[in-house]
Amino acid sequence: MSKPRTLFDKIWDTHVVSRQDDGTCLIYIDRHLIHEVTSPQAFEGLRLSGRKVRRPGAALAVADHNVPTSDRSRGIDDEESRIQVETLERNCAEYGIEYYGMDDVRQGIVHIIGPEQGFTLPGMTIVCGDSHTSTHGAFGALAFGIGTSEVEHVLATQTLIQKPAKNMRITVEGQAHAGVTAKDLVLAIIAKLGTAGGTGHVVEYAGEAIQALSMEGRMTVCNMSIEAGARAGLIAPDETTFDYVQGRPMAPKAGQWETALAYWKTLPSDPGATYDTEVTLNAADIEPQVTWGTSPEDVAPISGHVPNPANVSDEGKRDAMRRSLDYMGLSAGMAVQDIKIDTVFIGSCTNGRIEDLRQVAALAKGRQVAPGVHAMIVPGSGLVKNQAEEEGLDKIFKAAGFDWREPGCSMCLAMNADKLAPGERCASTSNRNFEGRQGRGGRTHLVSPGMATAAAFAGRLADVRDLG
Amino acid sequence: MDKFTTLRGVAAPLPMVNVDTDKIIPKQFLKTIARTGLSKGLFYEMRFDEDGKPKEGFVLDQPAYKNAQILVAGDNFGCGSSREHAPWALLDAGIRCIVSTGFADIFYNNCFKNGILPIVLPKAQVDMLMDDAGRGANAILSIDLKDQVITGPDGGTISFEVDPFRKHCLLNGLDDIGLTLEKADKIDDYEAKQNHSQPWLAG
Ligand code: SF4
């Protein structure tokens with residue numbers, strides 16, 4: 001009998017085109033997502049060397065990082081941003097790649113539109129010049145971020161030169177309490193692993209609490225794998241996955257659907273498969289989480305306190321913590337719930353999907369954003385926006401005082417006009433709290449959509465469970 | 001890509017841990033469609049104030065380190081975003097080698113694609129090199145990729161590991177894409193096989 005294999009092993013083995021003696025492999029890439037920021041130099045490289053795009057039909061491109069999320073009728077004001085978006089459009093036209101422009105209802109954040117269109121399917125290899133490509137692992141696809149040189153490599157050859165990653169399994173046992181969402185689970189996981197804990201690994205998330213998640217929740221978890229240093233995150237495909245995929249525009253059609261389904265059902269890890277690293281958490285121990293510092297591993301429960309650098313023995317870590325607290329304008333030992341906020345950002349490829357917006361709306365009915373707080377909601381795609389408006393969520397948001405905007409990356413990385421001012425403090429559903437990420441000098445606290453909503457109403461970090 | 005064989009140059013110490021690629025080059029410099037000239041954004045927020053005026057004191061701006069070609073960095077260097085603008089900016093500023101206890105995967109990979117050698121060493125050795133790098137203009141390290149050895153200012157040596165295939169590409173300045181295209185028939189075979197076994201992926 002052959003050795004039991006993990007989900008990762010199976011996808012990897014299926015995609016090896018050739019293997020060198022030292023274990024370096026050429027692996028086939030099934031799907032390639034492209035956005036405007038990390039692709040222009042790749043197309044330029046192709047042009048300079050006179051190479052072609054091997055398989056234009058396997059790629060899908062969208063402008064998301066630079067697009068305005070307010071009135072779009074005037075196009076993009078910022079000249080460099082505009083040129084970057086136009087360059088993508090031109091490159092796609094020249095090489096025959098499908099492109100969703102700003103006025104296309106399917107436009108949105110690259111990691112939201114792939115799943116939405118059925119472009120993302122179980123068992124695939126998927127890449128994008130973007131570290132949060134790990135999101136697509138929620139479907140049981142091997143999906144990871146690459147640099148621009150590799151974007152060019154994939155365009156020219158539809159392959160990548162890689163060595164297999166190590167296998168890690170993170171099991172979240174039991175059931176999560178009410179008010180504890182996928183975002184809280186993944187923040188707790190990052191806190192446990194540390195920001196480099198997953199380096200060199202592909203992480204498979206398993207256990208009752210993971211299986212119980214919707215596809216949206218699974219995408220939130222896999223999205224942040226990179227914040228623990230992991231190359232990719234994976235969740236075994238099951239009925240939840242198949243139900244989500246079926247009927248999407250690019251999903252297999254009747255006739256092929258059954259064959260695909262039968263194959264996808266062979267993907268989950270074999271019983272007895274072994275992992276290089278195993279980590280276990282208990283969902284019942286996890287409270288709603290917030291970050292207090294400038295690394296995604298700087299996590300505390302909402303009932304907790306800002307830690308004290310004096311209690312840290314490692315010198316490098318102590319210095320980093322001091323620097324973080326200084327940047328964040330926080331004092332050691334203060335209660336997390338005493339941290340006042342100015343801004344709320346709900347959106348991003350982590351939490352900009354319809355389920356996230358429904359959670360916000362359910363809490364927002366009959367409540368008001370605190371005076372002085374600017375709370376913005378940026379849907380992940382045009383289709384998410386339409387769906388939310390069909391369900392009347394936009395009316396609830398506006399009545400509660402939220403700013404309801406057009407789809408894009410927006411204040412997740414503040415490359416467009418949406419940014420924090422120096423010293424401004426934000427409860428954000430995005431994935432990175434790095435210094436300056438949401439605007440120079442801006443202070444980011446990562447939270448779930450429910451927690452961001454609670455913060456919007458309280459004007460400080462607050463426990464979503466108190467909203468009842 | 002430029003070859004990397006041997007390098008003798010000033011090493012600059014950057015002991016901060018978890019230096020993310022947003023910190024190496026912030027987003028306002030990602031709007032370019034070129035890959036050159038990015039050193040102006042390198043470590044921007046540590047080097048310039050909000051009005052764009054130079055701040056004093058960042059290591060690469062000190063006279064002794066102006067021409068540094070090597071960076072001795074804290075743990076988990078290059079984490080976060082996949083932006084290849086980070087190694088482009090380092091390269092544009094003259095950095096050809098980075099030593100740390102660990103690198104984030106994508107950044108590590110991106111370095112090799114641009115002729116930069118990232119070296120991973122145990123903490124004790126990185127600490128030693130960090131001390132060496134603290135000696136200003138005397139902080140000269142020699143790096144020999146072929147023999148996989150770093151020689152310190154006092155003549156002490158440290159050997160390092162590097163993946164043989166990556167070493168080969170770096171030593172010869174090889175273009176990955178060219179190498180892969182030599183295997184085009186294998187890729188054709190793979191596609192033919194996949195069209196048959198997973199027909200829903202065709203198209
Ligand atoms: S939403 Fe943020 S993390 Fe996601 S792709 Fe856009 S910028 Fe990157």
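Heads up: the structure comes first, above all this text.
What counts and how
- Residues numbered from 1 in each chain as written.
- Chains lettered and ligands numbered in written order.
- Predicted model: local features only at pLDDT ≥ 70, side-chain atom pairs only at ≥ 80, totals over all residues.
- Heavy atoms only, no water.
- Helix = DSSP H or I, 4+ residues; strand = E, 2+ residues; numbered from the N terminus.
- Contact = heavy atoms within 4.5 Å.
- Near = heavy atom within 4 Å.
- Nonpolar A, V, L, I, M, F, W, Y, C, P; charged D, E, K, R; others polar.
- Phe/Tyr/Trp six-rings, centres within 6.5 Å; stacked < 30°, edge-to-face > 60°.
- Buried < 20%, exposed > 50% of the residue type's maximum accessible area, 1.4 Å probe, protein only.
- Lys NZ or Arg CZ within 6 Å of the ring centre and 35° of its normal.
- Core = buried A, V, L, I, M, F, W, Y, C linked by side-chain atoms within 4.5 Å.

1. Description of the side chain of S81(B)
So, point 1. Of note, S81(B) is situated in the loop between β2 (70-73) and α3 (85-92).
So, point 2. Residues within four places of S81(B) in sequence aside, it is in contact with S131(A), R432(A), T21(B) and D22(B).

2. A short note on the site of the ligand
So, point 1. The local shell around the ligand consists of H65(A), I109(A), H111(A), D130(A), H132(A), S348(A), C349(A), C409(A), C412(A), L413(A), N431(A) and R437(A).
So, point 2. Residue composition of the shell around the ligand, grouped by class: five nonpolar, five polar and two charged.

3. A short note on the packing of aromatic side chains
So, point 1. Throughout the structure, instances matching the rule amount to 19 aromatic pairs over all chains.
So, point 2. Taken together, a centroid distance of 5.8 Å and an interplanar angle of 40 degrees make the contact between F8(A) and W12(A) tilted. Here F8(A) pairs with W12(A), and both are found in helix α1 (residues 7-15), just four residues apart, close to one helical turn.
So, point 3. Here W12(A) falls in the buried class, since its relative accessible area comes to 5%.
So, point 4. Aromatic rings pair up to connect F242(A), W257(A), Y263(A), W264(A) and W200(B) into one cluster.
So, point 5. Seen from the ring of F119(A), R31(A) lies directly overhead, with NZ or CZ sitting 5.6 Å from the centre.

4. Some thoughts on the nonpolar core
So, point 1. F402(A), F43(B), F77(B), L90(B), I98(B), L117(B) and I143(B) are the most contacted members of the largest nonpolar core, which totals 111 residues.
So, point 2. Leaving out residues up to four positions away in the same chain, I143(B) has contacts with F4(B), T5(B), T6(B), L7(B), I70(B), C97(B), L117(B), I119(B), V149(B), I150(B) and F160(B).
So, point 3. Core analysis: the next-biggest nonpolar cluster, separate from the first, contains 96 residues, L60(A), I76(A), I170(A) and A260(A) among them.

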